[in-house]
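Residue strings, one per chain:
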Amino acid sequence: MEIGLTHYLFISAILFSLGLYGIITRKHAIMVLMGLELVLNAANINFIAFARFGGMNIEGHIAAIFVIILAAAEAAVALAIVLNIYQNFRHVNIDEVDNLKG
Amino acid sequence: MDLVTIAFYFFGALTIIFGAVVVFSKNIMYSAFSLLFTFFGIAGLYVLLNADFLAITQIMIYIGGILVLIIFGVMLTTRITGVDVKSGTMGKFQLATTGILTTVIAITLLIVFSSTKWYLKEVPAVESTVNDIGNKLLTNYLLAFEAASMLLLIAIVGAAFIARKK
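How each quantity is defined
- Residues numbered from 1 in each chain as written.
- Chains lettered and ligands numbered in written order.
- Predicted model: local features only at pLDDT ≥ 70, side-chain atom pairs only at ≥ 80, totals over all residues.
- Heavy atoms only, no water.
- Contact = heavy atoms within 4.5 Å.
- Buried area = accessible area lost by both parts, 1.4 Å probe.
- Salt bridge = Lys/Arg side-chain N within 4 Å of Asp/Glu carboxyl O.
- Phe/Tyr/Trp six-rings, centres within 6.5 Å; stacked < 30°, edge-to-face > 60°.
- Lys NZ or Arg CZ within 6 Å of the ring centre and 35° of its normal.
- Axes fitted to C-alpha atoms, helices over the stretch in contact; angles between N-to-C directions.
- Helix = DSSP H or I, 4+ residues; strand = E, 2+ residues; numbered from the N terminus.
- Parallel < 35°, antiparallel > 145°, perpendicular 65-115°, else oblique.
- Left-handed = near helix turned anticlockwise from the far one by under 90°.
- Nonpolar A, V, L, I, M, F, W, Y, C, P; charged D, E, K, R; others polar.
- Buried < 20%, exposed > 50% of the residue type's maximum accessible area, 1.4 Å probe, protein only.

Trainee: What is the right way to read the interface of chain B and chain A from this model?
Mentor: For interface size, the figure often reported is the accessible area lost on association. On the chain A side, the residues contacting the 78 residues of chain B number 68 residues. When the two sides are added together, the surface that chain B and chain A hide from each other amounts to roughly 6900 Å², 78% of it contributed by carbon and sulfur. For chain B, the biggest contributors to the area lost against chain A are Val-23, Leu-49 and Thr-77 of chain B; these three give 10% of the whole. Across the chain B-chain A interface, the total number found is 1 salt bridge.

Trainee: Explanation requested: the packing of aromatic side chains in the structure shown.
Mentor: The geometry of an aromatic ring pair is captured by two quantities: the separation of the ring centres and the angle between the planes. A full pass over the atoms with the stated rule returns 9 aromatic pairs over all chains. Both rings, one in Phe-10 of chain B and one in Phe-11 of chain B, keep their centres 5.3 Å apart while their planes meet at 65°; by these two values the pair is edge-to-face. A network of ring pairs unites the aromatic residues Tyr-8 and Phe-53 of chain A together with Phe-8 and Tyr-9 of chain B as a single cluster. Here the basic side chain of Arg-52 of chain A rests over the ring of Phe-53 of chain A, its NZ or CZ set 5.5 Å away from the ring centre. A cation over an aromatic ring shows up here: Arg-90 of chain A above the ring of Tyr-86 of chain A, its NZ or CZ 4.9 Å from the ring centre.

Trainee: Please explain the packing of helix H1 (residues 3–24) of chain B against helix H2 (residues 28–48) of chain B as it appears in this structure.
Mentor: Two quantities define a packed helix pair, namely the angle between the helix axes and the distance between the axes. All names here are of chain B. Running from N to C, H1 and H2 point in directions that differ by 155°, and their axes come no closer than 8 Å. Compared by their axis directions, H1 and H2 come out roughly antiparallel. Crossing handedness for the pair H1 and H2: left-handed. Here Val-4, Ala-7, Phe-8, Phe-11, Gly-12, Leu-14, Thr-15, Phe-18, Gly-19, Val-21 and Val-22 of H1 come into contact with H2, specifically with Ser-31, Ser-34, Leu-35, Phe-37, Thr-38, Phe-40, Gly-41, Ile-42, Gly-44, Leu-45 and Leu-48. Its residues assigned to classes, the contact of H1 with H2 shows 14 nonpolar, 8 polar and no charged.

Trainee: Any chance you could explain the packing of helix H1 (residues 5–25) of chain A against H2 of chain B here in plain terms?
Mentor: Running from N to C, H1 of chain A and H2 of chain B cross one another at 160°; their axes reach a closest spacing of 12 Å. By the angle between their directions, the pair H1 of chain A and H2 of chain B is classed as roughly antiparallel. Crossing geometry of H1 of chain A relative to H2 of chain B is assigned as left-handed. Contact residues: Tyr-8, Ile-11 and Leu-15 of chain A in H1 of chain A; Thr-38, Ile-42, Leu-45 and Leu-48 of chain B in H2 of chain B. For the contact of H1 of chain A with H2 of chain B, the per-class residue count stands at 6 nonpolar, 1 polar and no charged.

Trainee: Teacher, can you tell me more about unusual backbone geometry here?
Mentor: Backbone geometry follows two general trends: most residues other than glycine have a negative phi, and most peptide bonds adopt the trans configuration. Residue and element names in this part refer to chain A. Notably, Met-56 is not glycine yet its phi reads approximately 50°, a positive angle. Along the chain, Met-56 falls in the loop between helix H2 (29–53) and helix H3 (58–89). Of the residues examined, Met-56 reaches a relative accessible area of 15% and is grouped as buried. Positioned with a positive phi, Arg-90 is a non-glycine residue whose angle comes to about 65°. Along the chain, Arg-90 turns up in the segment after H3.

Dropping the structure here:
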């Protein structure tokens, strides 16, 4: 069977669901970040698969490049915030960081 | 089975299996290193999709940059000697609910993806995408390109400012 568009879409759908599960279930802030990276990569696979099978449209590649740029910026800032949380609380469990809760 | 099919199933299995290890592993260092193989499998899928520039970018930025940042973050925020290396999860009921929810989402996505008739167009073999990407970035997408460079500068300065010792 020829490898077509739906094969790549299936991989991206499974990867997206795994990332979503990780984001929701984990307490560790860095684990949440890793789940987020999985979701972003699933979106990127979709972009590039549609670009390839829709007539080698280069716009899909451009969108994927901007997603990668935003992921890099987001990872840097998020890890800086995580380091700050660790300095103040001595842990990074995001559901215990609730000092502003009334 | 030709070589492309075998390569697709190899990289696809690599991506999915190690993606599952990332999510389900109890040890956060295992998760971080499994993420490496997931990113590598995705880079292989990009190569199969004729996206040579994106594959190199994936390896350089994700594996060389973001993954190193994440491993640094793990090492700086967990006490290696304590029990804190383990990453806790929620109770049984919440885990089951989330599992059912994400499975439903996955099945819905799979049904939608397989039942839709997508617009497909045959293309001749592509040599390289680098020229096209460069042309597009410096003509149609110049404003977004410059905005991305400003964003990266602001993110670097902001991250260094937030993370420094008081």
